[in-house]
Structure formats: structure tokens, C-alpha cells
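A structural walkthrough
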Number of protein chains: 2
Amino acid sequence: MKVLLVFAHPEPRSLNGSLRDVAIRELEAQGHEVRVSDLYADNWKSEIDRPDFPSLDHETPFQPSRASKAAFAAGQLTKDVTVEHEKLLWADTLILQFPLWWYTMPAILKGWVDRVYAYGFAYGVGEHSDAHWGDRFGEGTFKGKRAMLIVTTGGWQEHYSARGVNGPIDDLLFPINHGILYYPGYNVLPPFVAYRVDRIDEAGFEDIAERLRERMRTLSTTPPIPYRRQNGGDYLIPSLELRPGLGEPTATGFSLHLNGAETAG
Amino acid sequence: MKVLLVFAHPEPRSLNGSLRDVAIRELEAQGHEVRVSDLYADNWKSEIDRPDFPSLDHETPFQPSRASKAAFAAGQLTKDVTVEHEKLLWADTLILQFPLWWYTMPAILKGWVDRVYAYGFAYGVGEHSDAHWGDRFGEGTFKGKRAMLIVTTGGWQEHYSARGVNGPIDDLLFPINHGILYYPGYNVLPPFVAYRVDRIDEAGFEDIAERLRERMRTLSTTPPIPYRRQNGGDYLIPSLELRPGLGEPTATGFSLHLNGAETAG
């Protein structure tokens, strides 16, 4: 396999740095090829802005998706972005590794998504019709490839459990797993999450490392999260609402944390 | 009232720029004071990194929360961050305005959170004991103040509805509303969301603008989202799990989008 690992931690001498090395060593021991995008080390630029589109004339108001579409179609995206495109097309597996900061990815990784996910590349792909709302959520540029997250948190596993105050980790990661990875077609594996990492001893580290090695060994065989395909018949088009009769009609994960949810539910 | 509006769009001549001006004009017409942090215009730095902590010695591995704690305690945060602290302490109401990119805020705004939310300021506040797990989720530095989001999306309202393919908008915004705003104590108002904004005519704009003006007129009277207080008795400490008997035991909002949810639920 060909694995691209996008790494978003500022310190190589950190738990995240160590886990990255553990993952790479295990993947290479299995005979896989690994490339890394080390966003901090590469001084990745986080903000999508007008200078990203040098061919945009100065009179035109900057509309990011429109500018992205034109620049991608004309082959005029900036070099840092096209290098990432080449890596993404090369890889059959994408790993995003980051510490959970404020319940989501660090800004620098969000900036990688905002800038690398160009119109025509990661979105705005495929036809729109009464039966097909673009190639997305199960179709798209990365269809057939795999992706997964490696995430560390300071908080306890219980705090991210089904009834934990932070919200369930799978729900917190849904906008990434479903909205960023599944959207352009990746099969998304369950995330690897290491909790309570701020004070960890050597035995604790080895436990986490061994769990991670096991995930790296099973990268090609782990069943992906069974998200529904947008154009597979489960959703009405164009409202993109789940067809009546599918799913739980009243499921509302986060409302656990609302006063009165016990009566409103 | 004193309102801080943090604005995260790269183009002033955009719908977001126009809506910002609508909000400011209406607030000022009501006699409120308004200050703006215009992140793109201010060239906000998005990445928390070692240069943010010039007093950190070069031998020490960079651990963001530890560095943040020491720098905040010593009054050695960078000027751009302390200016935002002053604004946040001045304001009794915080508004974050942004386009929804990949189901969350743009990188530059995430970077504002990552860097401005210092340890000792927005987290790491208050005592930890068997009855009190820090001043957070309903307590903290911003207790008694109000906050709300102004969000625009290209997608349709139906796509973000309870059964829409993107996931419900309130669940997508939960990590921000609950995890970023409620966490340090804000009372969080329901978000203002404008959908399908990519092709909007003058009448469509005026509808959105009038809805926004109404929200600005009712900023001090709109009931906040009734999140549960972490230390109010609803959660077990230290697991921070909702007490048995509270909330729906099986609520899981995003699992709507899993194949087989209809049988697993």
C-alpha cells in the first residue's frame, strides 16, 4: 500500500511525534510505502486567501469556491497545493494525525483541508441531476481509497463516551470523518484515539503504541464505517434527506446535553 | 451592550461582508457599542507554535498547553493575543461570524480559538475536586456573557435538517457552541444561519438581512440554548458522564447516516 500521513503537531519530540514514528515504522515493516506531509515543519499556510489565486484579477471580489474552480481547471493552483494533490492521488490510504484541540483539528490542518480540497478536485465533482447530486459522500476523486484519523486528547475516554460531557467522540469526529473524508469518496476506517495523553508513563505509551501498530497492520482489512452512499437510493434528491422509514426518526445525539431532553425526547 | 464581532471571511465585498455591516449598523442603531476583529484584514496568524512563546527556552519540547499556562501566568503572551483578551473581557457579547467550510469554521478562525483561548484564561480555570471539575461548561471567565454564531452555507437548509445528509446543523455546530463558547462560560444563543448563499438575489439578501437585524435587536432577550451545567449535579465527577436517568439513553444523532442504523437503533 501507499500511505500518505498528514501530521499536524508543532513538536516532533511529543507523544504525537512518537506515535507518528511508530506508525511509519510499522507500515514500512509491513512493506508499505509511506509519505508524510508534516504541516508545521513545512510551514504550511493555513489561510485560503486571494494570494492563493494569483491569476484572479484585482477587480473581482474574491469568492473562494469560484476562484478555486477556475484555478484548478486552468492548472493555476499554487505549488504547495498541487504537491499535496500529487501525494493524495499517489496514495491509496490517507491518515490524518492530530491532537484534538477544542474538539476538532488544529487550525493548520483545517487550513490544509480548506486549501487542498479544491473545487473540481475534492468537491464540485460529477453531474447534478434528479438522481445524482454530484460525486460525493461515497463517490468522488478518492473512491476506493481508505482514510483514517489518529487523534490524541487530554480528556478522559469517559468524557468522550456516549453520555460524556464533551459529546461522543464519534459524533465530534463525524464532521471530519463524514464531511471531509467520506465526502470526496474515501472509505473511512474507525479512528484511532488515544485519551488522557498529558501525563503518560512509559508503560502507558507502550500500550498506546501497540494498539496503533495493530491498527497499522490491519489497515487494509479493517471494515470501514458503514456510511450511507448519497446517491445509492437512501436519500431523497434534491433535499438529500434520508428517506422516510430509514434510520431512527428521532435520533439527536447531542441533545443529551440539553436541559429538558429527558422530556423532549 | 458591548459587542465583539469576530469576522472570518477574506472578502469584504461578499455576502458575509454585507451581513457584517448589517449587523453592526443594527447594533449601533440600538445604542450598543461594537468592536470588530477582522481576522483576514488583520493578518491573523493561525498556527499556535513555539514563536508564540518567546520566553520558552530552546531545550524544552514545545507542549502547547504547558507553554500557554506559563506565558499567561507570567503575562508573556504575544501582543496580538492579549489584544483579543482585552476585547473579550471588554465585551459582554461575542459574535463569531464565518462561512461554513467543510462543516466547521475556516482555519483562520480556528487559529483564533487555538491561540486566544489560553490556559488560565479560557481553560485550566477553577478548582478540581470531587464535586467540581474546573470552571467550565457553564462557568468560567465568560460566565454571564452571551455569545452567538452567524454562519453562511452554500448547501440547502434541507441538507442540514434533522435527516439531511450533512447532519443536523445544530449537531455540526455543537463542538463550537458547546465546546468553544459554553466551555468558558458563555450563554450561547441559537445560531443565525443563512443557507444556499452562493446564488442570492437582492430580495433574497433583504430577507436574510431582515432576519439578522431581528436577531441583533433581540440579542439581550433571546433565551440561550439550555445546555446542562457540568458542575450543577447532572454529571458524575470525575467521569463527567450524564447521570443515569437523565436524557435519552440511546440518543445518537449522527448514526442516522450509518447503514443498518434502522436495525441497530
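For clarity, every value in this text was computed on a predicted model and none was experimentally measured.

Cut-offs applied
- Note on numbering: residues in each chain are counted from 1, in written sequence order.
- A letter from A marks each chain and a number from 1 marks each ligand, given out in the order of writing.
- Thresholds applied to this predicted model are a pLDDT of at least 70 for local features of residues and 80 or more for the giving and counting of side-chain atom pairs; totals over whole chains, interfaces and linings are not thresholded and use all residues.
- Side-chain measures here rest on the full set of heavy atoms in the structure, leaving out hydrogens and waters.
- Helix and strand definitions follow DSSP, with helices as H or I runs of at least four residues and strands as E runs of at least two, each counted in order from the N terminus.
- Throughout this description, buried means an accessible area under 20% of the type-specific maximum (1.4 Å probe, protein chains only), exposed means over 50%, and partly exposed covers the range between.
- In this analysis, axes come from line fits to C-alpha atoms, helices being fitted only over the stretch in contact, and the angle between any two N-to-C directions falls in the range 0 to 180 degrees.
- An angle below 35 degrees is read as roughly parallel, one above 145 as roughly antiparallel, one from 65 to 115 as roughly perpendicular, and any other as oblique.
- Take the far helix as the reference: if the near one is turned anticlockwise from it by less than a right angle, the crossing is left-handed, and if turned clockwise, right-handed.
- In what follows, a contact means two residues having at least one pair of non-hydrogen atoms within 4.5 Å.
- All residues other than Ala, Val, Leu, Ile, Met, Phe, Trp, Tyr, Cys, Pro, Asp, Glu, Lys and Arg, Gly among them, are scored as polar; the first ten of these are nonpolar and the last four charged.
- In summary, the charge assignment counts Lys and Arg as positive and Asp and Glu as negative, without counting His or the chain termini.
- A carboxyl oxygen of Asp or Glu within 4 Å of a side-chain nitrogen of Lys or Arg is what we treat as a salt bridge.
- UniProt positions are given in the numbering used here, feature names are shortened, and annotations may be inferred rather than shown by experiment.
- As used here, buried area is the combined drop in accessible area, with a 1.4 Å probe, of two parts when they are placed together.
- N or O atoms closer than or at 3.5 Å make up a polar contact, with two conditions inside protein: a donor-capable atom paired with an acceptor-capable one, and, for residues adjacent in sequence, both atoms drawn from side chains.

**A few points about unusual backbone geometry**
Most peptide bonds take the trans form, and the phi angle of most residues other than glycine is negative. The linkage connecting Ile237 of chain A with the following residue, Pro238 of chain A, adopts the cis geometry, with an omega of 15°. Looking at the element boundaries, Pro238 of chain A is found in the loop between helix H7 (230-234) and helix H8 (261-264). Within the chain, Asn43 of chain A stands out as a residue other than glycine whose phi angle is a positive 50°. Looking at the element boundaries, Asn43 of chain A is found in the loop between strand E2 (33-38) and helix H2 (64-73). For Phe137 of chain B, which is not glycine, the phi dihedral falls at a positive 50°. Tracing the backbone shows Phe137 of chain B in the loop between helix H4 (107-116) and strand E4 (146-152). When its relative accessible area of 0% is taken as the criterion, Phe137 of chain B is described as buried.

**Comments concerning the packing of helix H1 (residues 15-29) of chain B against helix H7 (residues 202-217) of chain B**
Residues and elements named next belong to chain B. Two elements in contact, H1 and H7, have axes separated by 9 Å at closest approach and are oriented at 40°. The orientation of H1 relative to H7 falls into the category oblique. You can see that H1 and H7 cross each other, and the crossing is right-handed. For the pair formed by H1 and H7, the contact residues are Leu15, Ser18, Leu19, Val22, Ala23, Glu26 and Leu27 on the first element and Phe205, Ile208, Ala209, Leu212, Arg213, Met216 and Arg217 on the second. Tallied by class, the residues present in the contact of H1 with H7 amount to 10 nonpolar, 1 polar and 3 charged.

**Focus on the side chain of Glu47 of chain A**
Turning to its location among the elements, Glu47 of chain A is positioned in the loop between E2 and H2. No salt bridge is formed by the buried Glu47 of chain A. Its closest oppositely charged neighbour is Lys45 of chain A, at 5.1 Å. Apart from the residues lying within four places of it in its own chain, the contact partners of Glu47 of chain A are Asp52 and Arg115 of chain A together with Tyr40, Trp44, Lys45, Ser46, Glu47 and Ile108 of chain B.

**Regarding the UniProt feature "domain: Flavodoxin-like fold" (unreviewed entry) in chain A**
UniProt annotation of "domain: Flavodoxin-like fold" (unreviewed entry) refers to residues 1-215 of chain A when read in the numbering used here. Along residues 1-215 of chain A, the helical share is 35% and the strand share 14%, with 14 Å between the first and last C-alpha atoms.

**Looking at the interface of chain A and chain B**
Listed as interface residues are 85 residues of chain A and, on the opposing side, 86 residues of chain B. Roughly 7,000 Å² of surface becomes buried between chain A and chain B when both sides are summed, with 59% attributable to carbon and sulfur atoms. Joining chain A to chain B, the criterion identifies 2 salt bridges. Put simply, Arg50 of chain A and Glu11 of chain B hold a salt bridge, and the shortest N to O gap is 3.6 Å. Put simply, chain A and chain B have 24 residue pairs in polar contact (both at pLDDT 80 or more) between them. Broken down by secondary-structure element, the contributors of at least two residues to the side of chain A that touches chain B are H2, helix H4 (107-116), helix H5 (169-182), H7 and H8 of chain A. Element by element, the count of residues in the side of chain A that touches chain B is highest for H5 of chain A, at 7 residues.

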